[in-house]
Amino acid sequence: MFSEKADHLKALKSVAKNLISQFPDQRIFAFYGQMGVGKTTFIQSVCKTLGSEDVVTSPTFALVNEYKTTEQKAIFHFDFYRINKIEEAFDLGYEDYLYSGNYCFIEWPEMIESLLPENIVKVKIDVNEDGTRTISALKV
């Protein structure tokens, strides 16, 4: 199991690098945490670690954003917070993304839990009493 504490924004770069190193063969990461915990901010650091220079923002209304690495490899970033029915994920063509072999980062995976494939990394971000974040991850 992976677990690291981040006490400031600059620490996220190191945590992101360590997360990707811990799970080198994994491509689907599901991010869990309460609203405002920093899921998108952490995903920004992970995308930079993977070599993306794109502006990473939450795809709250688009549901999915695509970023490119400097090697032109795709990274897909999902935010399922606003879906009302699981059918919306089918309409989006989620399978094409998740089974593409590219990195997929999913915010609010609880909304499509039954559609998630096996062998993903569940990443949980918790806010500690002192305001720091604990980022833990487990392959399931």
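Residues numbered from 1 in each chain as written. Predicted model: local features only at pLDDT ≥ 70, side-chain atom pairs only at ≥ 80, totals over all residues. Heavy atoms only, no water.

J.: It is not clear to me how the overall build of the protein chain should be interpreted in this structure. Could you clarify?
T.: Scanning the protein chain from terminus to terminus reveals four helices and seven strands. Taken from the N to the C terminus, the helices and strands of the protein chain come in the order β-α-β-α-β-β-α-α-β-β-β. Relative to its length of 140 residues, the protein chain is compact, with a C-alpha radius of gyration of 14 Å against a globular reference of 14 Å. Its C-alpha atoms give the protein chain principal-axis dimensions of roughly 40 × 35 × 25 Å. Across the protein chain, every contact between residues at least 6 apart in sequence was considered, and the portion connecting residues at least 24 apart equals 57%. Of the roughly 7600 Å² of accessible surface on the protein chain, 48% is carried by carbon and sulfur atoms. Distance between charge centres in the protein chain, computed from 15 positive and 20 negative side chains, equals 6 Å. (Helix = DSSP H or I, 4+ residues; strand = E, 2+ residues; numbered from the N terminus. Rg over C-alpha atoms; globule rule 2.2 N^0.38 Å. Contact = heavy atoms within 4.5 Å. Areas by Shrake-Rupley, 256 points an atom, 1.4 Å probe, with all protein chains shown as cover. Lys, Arg positive; Asp, Glu negative; His and termini not counted. Charge placed at Lys NZ, Arg CZ, Asp CG, Glu CD.)

J.: I keep staring at the side chain of Thr60 and nothing clicks. Help me out?
T.: Looking at the element boundaries, Thr60 is found in the loop between α2 (39–49) and β3 (64–68). Residue Thr60 is classed as buried on the basis of its relative accessible area of 17%. Only 2.9 Å separates the side chain of Thr60 from the side chain of Ser58, close enough to count as a polar contact. Polar contacts involving the side chain of Thr60 include one to the side chain of Asp79, which spans 3.3 Å. If we ignore the near neighbours within four places in the chain, the residues touching Thr60 are Asp79 and Arg82. (Buried < 20%, exposed > 50% of the residue type's maximum accessible area, 1.4 Å probe, protein only. Polar contact = N/O pair within 3.5 Å; in protein donor to acceptor, adjacent residues only side chain to side chain.)

J.: When you look at the nonpolar core in this model, what are you seeing that I'm missing?
T.: Nonpolar side chains in soluble globular proteins generally cluster together in the buried interior. In terms of nonpolar packing, the biggest core is built from 27 residues, with Leu19, Phe29, Phe42 and Phe105 touching the most fellow members. If you list the elements that add at least two residues to this core, you get β1 (2–6), α1 (11–22), β2 (28–32), α2, β5 (103–107), β6 (121–127) and β7 (133–139). A per-element tally of this core places α1 first, with six residues. Setting aside its immediate chain neighbours within four residues, Leu19 contacts Phe2, Phe29, Phe42, Val46, Val123 and Ala137. In this structure, Ile28, Ala30, Phe76 and Leu98 belong to the second largest nonpolar core, which totals 19 residues. (Core = buried A, V, L, I, M, F, W, Y, C linked by side-chain atoms within 4.5 Å.)

J.: Which parts of the structure should I look at to understand the packing of aromatic side chains?
T.: Centre distance and the angle of the planes are the two values used to describe a pair of aromatic rings. Summed over all chains, the structure comprises 11 aromatic pairs. Between the aromatic rings of Phe76 and Tyr97, the centroid separation amounts to 4.8 Å while the plane-to-plane angle is 70°, which identifies the pairing as edge-to-face. Placement of the pair is Phe76 in strand β4 (residues 74–79) and Tyr97 in helix α4 (residues 94–98), with a sequence separation of 21 residues. Its relative accessible area of 7% is what places Phe76 among the buried residues. (Phe/Tyr/Trp six-rings, centres within 6.5 Å; stacked < 30°, edge-to-face > 60°.)

J.: Honestly, the sheet that holds β2 in this entry has me stumped. Any pointers?
T.: Taken in spatial order, the seven strands line up as β1-β7-β6-β2-β5-β4-β3 in an open sheet, and their pairing is mixed. The open sheet terminates on both sides in strands that have one partner only, identified here as β1 and β3. Averaged over all pairs of adjacent strands, the angle between strand axes in this sheet comes to 20°, irrespective of strand direction. The pairing of β2 with β5 spans four bridges and is classified as parallel. Looking at β5, one finds that Phe31 is bridged to Glu107. Lying over the sheet, α1 contacts β1, β2, β5, β6 and β7, oriented at roughly 175° with respect to β1. Seen against the sheet, α2 touches β2, β3, β4, β5, β6 and β7 and runs at an angle of roughly 170° to β5. (Pairing = 2+ DSSP bridges. Axes fitted to C-alpha atoms, helices over the stretch in contact; angles between N-to-C directions.)

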